[in-house]
Amino acid sequence: MTIVLPFCDSSHFYELINSLNNINFINKIIIISPLQVKIKIKKVFIIQISSPLSSDIYKLLSDNISSEYFFYFSNTDEYSVPEYSLQRFLETATDTNAGLVYSNYYELHDNLLHEHPVIDYQFGSLRDDFDFGKLLLFRTDSLLKCAAETNNKYSYAGMYNLRLSISRNYSIIRIPEFLYTASEKDLRNSGEKQFDYVNPGNRDVQIEMETVVTDHLKKINGFIKPLNYPIDFGSEYPVEATIFIPVRDREKTILDALNSAVKQRANFSFNIIVVNNHSNDRTGELIDAFALNHKNIVHVIPETKELNIGGCWNLAISDKRCGRFIVQLDSDDIYKDETTLQKIVNKFHDSKCAMVIGSYILTDFNLNEIPPGLIAHKEWTDDNGRNNALRINGFGAPRAFYTAIIRKIKFPDVSYGEDYSAALAVSRDYNIGRIYEPIYICRRWQGNSDSTLSIDKLNKNNYYKDRLRTKELKTRINKNMNNDE
């Protein structure tokens, strides 16, 4: 067997090399490094490469690996890898003819071991940040297949491209066992990590990732061509726009949201539908008291207690008092100023689109801006946004829909990913308008549902969104097949 790992001049690195050298069935250890290094240890070979993430790695590795499979350590963290675990990887690969095998692992930080489960790979697992762990087993001939299928040279997206190529040609298998230990250096909470892909500093990386996923979608017939279907907004509605606020137990923030809503200045009529999902604190009382002075507030309490946020959306869009356009406002967020609603409705009429998505500024509870600040989702383009949307984890905020269309699509009754699901479905058949200036304030605080997630909750969320992508991707493929007939 062959081992591949990046060079690191640390005691942990050399300890790992020595431990791997003592395993009989490992006959070659390839060290990849951007610099010239000299290591005089048996079985060790050095390959100089600008980046282990570049597409140059395909040929370099395939020219230097004679074994059917190779183990790939994704970084230079401290590792503990028992011999039986490597055998388990290899047995799984040979038994299933897999192209890629990965497993759960233990995470070491603060001198303690923590379980780090990973999730199964799905047809729609197109996220470039999919968590495979830190030790992977690759089928060697996948390198040659990927190189043959690749027309572009990538500086950052080489491994992402390899993974998608493998998914087209082989199975990708997760072993639901904790087979090794690796240290963890990135200890940021989930609320911070989730915005890495919109960091302007990563723009070159994101462009490459988009190119890779677009090529993949074309190869599997899931690519959607640019649309140009203007919408006629001719139907009659009680008001032009409705601000929708779903809320449960937000007595600390609901008045801020309501004040932000009623202060909107617009040249059209609008109302505010607040769906209070059976709050257990003073939220309902605060809404009722506030509504006494604002007649355009509609306070709705669902008949059932089983609704999630998606169900609250469905209740609001089906309400006879809902306007032509329905605009989201989360109960712990606010609009940036009194012009937000007008800008969104203007965008609908100017672009003749089915959905409008704005940009927002990330702040703490006291409205102090926090990194990365402005979240503008500029990775969206009219030509390719609907395809790239299958790679990223969100669309932006606030989200607004043409009511007639979202009434047909509806939302899944969940409290995570409901808006992502709806936006994917809208983008399949209709244009989406974007506002890249900040029109919304999104507050991050301990009460947020996604500010600090456990690994189990994060996995559950990611697994669900991958399911949404799988469904959407298969729907798009079927649509393309029907259009080709």
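What you see is a predicted model; the values in this text were computed from it and never measured.

What counts and what doesn't
Residues numbered from 1 in each chain as written. Predicted model: local features only at pLDDT ≥ 70, side-chain atom pairs only at ≥ 80, totals over all residues. Heavy atoms only, no water. Helix = DSSP H or I, 4+ residues; strand = E, 2+ residues; numbered from the N terminus. Buried < 20%, exposed > 50% of the residue type's maximum accessible area, 1.4 Å probe, protein only. Phe/Tyr/Trp six-rings, centres within 6.5 Å; stacked < 30°, edge-to-face > 60°. Lys NZ or Arg CZ within 6 Å of the ring centre and 35° of its normal. Contact = heavy atoms within 4.5 Å. Arc of directions from axis to C-beta. Salt bridge = Lys/Arg side-chain N within 4 Å of Asp/Glu carboxyl O. Axes fitted to C-alpha atoms, helices over the stretch in contact; angles between N-to-C directions. Left-handed = near helix turned anticlockwise from the far one by under 90°. Nonpolar A, V, L, I, M, F, W, Y, C, P; charged D, E, K, R; others polar.

1. Notes on the environment of E303
Right, on to step 1. For E303, the location among the structural elements is in the loop between β12 (297–300) and α10 (309–318).
Right, on to step 2. Look at E303 and you get exposed, because its relative accessible area is 86%.
Right, on to step 3. Considered as a pair, E303 and L137 are 166 residues apart in the sequence and their alpha carbons are 52 Å apart.

2. Here's the deal with unusual backbone geometry
Right, on to step 1. P371 connects to P372 through a cis peptide bond whose omega is 5°.
Right, on to step 2. Note on placement: P372 falls in strand β16 (residues 369–375).
Right, on to step 3. Cis rather than trans, the peptide bond between A397 and P398 has omega equal to -5°.
Right, on to step 4. Secondary-structure assignment places P398 in the loop between α12 (385–388) and β17 (399–402).
Right, on to step 5. Its identity as a non-glycine residue notwithstanding, N97 has a phi of 60°, on the positive side.
Right, on to step 6. Here N97 shows up in the loop between α3 (83–96) and β6 (100–109).

3. Some details on the packing of aromatic side chains
Right, on to step 1. Using the criterion set out here, one finds 25 aromatic pairs in the structure.
Right, on to step 2. Their ring planes at 20° and their centres at 5.4 Å tell us that F70 and F138 sit as a pair that is stacked. Linking F70 in strand β4 (residues 69–73) with F138 in strand β8 (residues 135–139), this pair joins segments that are 68 residues apart in sequence.
Right, on to step 3. Here the aromatic cluster, defined as three or more aromatic residues joined through ring pairs, consists of Y102, Y121, F130 and F132.
Right, on to step 4. Of note, K28 hangs over the ring of F45, and the distance from its end group to the ring centre comes to 4.7 Å.
Right, on to step 5. Here R443 stacks its cationic end above the ring of F365, 4.8 Å away from the centre of that ring.

4. Concerning the environment of T363
Right, on to step 1. As for its placement among the helices and strands, T363 is situated in strand β15 (residues 355–363).
Right, on to step 2. Expressed as a C-alpha distance, the spacing of T363 and D333, which sit 30 residues apart in the sequence, is 9.6 Å.
Right, on to step 3. The contacts of T363, once residues within four sequence positions are left out, are N368, E369, I370, I441, C442, R443 and R444.

5. A few points about helix α1 (residues 11–21)
Right, on to step 1. Along α1, the positions that sit buried rather than exposed are F13, L16, I17, L20 and N21. Across the axial projection of α1, the buried residues extend over an arc of 135°, all falling on one side.
Right, on to step 2. Against the buried residues of α1 lie β1 (2–6), β2 (28–33), β3 (44–48), β4, β5 (79–80) and α3.

6. Observations regarding the pattern of salt bridges
Right, on to step 1. Overall, the coordinates contain 22 salt bridges when judged by the stated rule.
Right, on to step 2. Across the pair E149 and R168 runs a salt bridge whose closest N-O atoms are separated by 2.7 Å. Taken as a pair, E149 in helix α4 (residues 141–149) and R168 in helix α5 (residues 158–169) lie far apart in primary sequence, 19 residues in all.
Right, on to step 3. The partner of E338 in a salt bridge is R265, and the shortest N-O contact between them spans 3.3 Å. Here R265 lies in the loop between α8 (254–262) and β11 (270–276) and E338 lies in the loop between β14 (334–335) and α11 (340–351), a separation of 73 residues in the sequence.
Right, on to step 4. Residue class for E338 comes out partly exposed when judged on its relative accessible area of 27%.
Right, on to step 5. What makes R265 exposed here is its relative accessible area of 56%.
Right, on to step 6. When salt bridges that share partners are traced, they join R127, D129, D466 and R469 into one network.

7. Examining α8
Right, on to step 1. For α8, the full list of buried residues reads I254, A257, L258, S260, A261 and V262.
Right, on to step 2. On its buried face, α8 is in contact with β10 (241–247), β11, α9 (283–291), β12 and β14.

8. Quick look at the packing of helix α2 (residues 57–64) against α4
Right, on to step 1. Put simply, α2 and α4 touch, their axes get as near as 9 Å, and they point 145° apart. Remark: the crossing between α2 and α4 carries left-handed chirality. For the pair α2 and α4, contact is made by Y58, L61 and S62 and by L143, L144, C146 and A147, respectively.
Right, on to step 2. The residue inventory of the contact of α2 with α4, partitioned by class, reads six nonpolar, one polar and no charged.

Geometry only, nothing functional implied.
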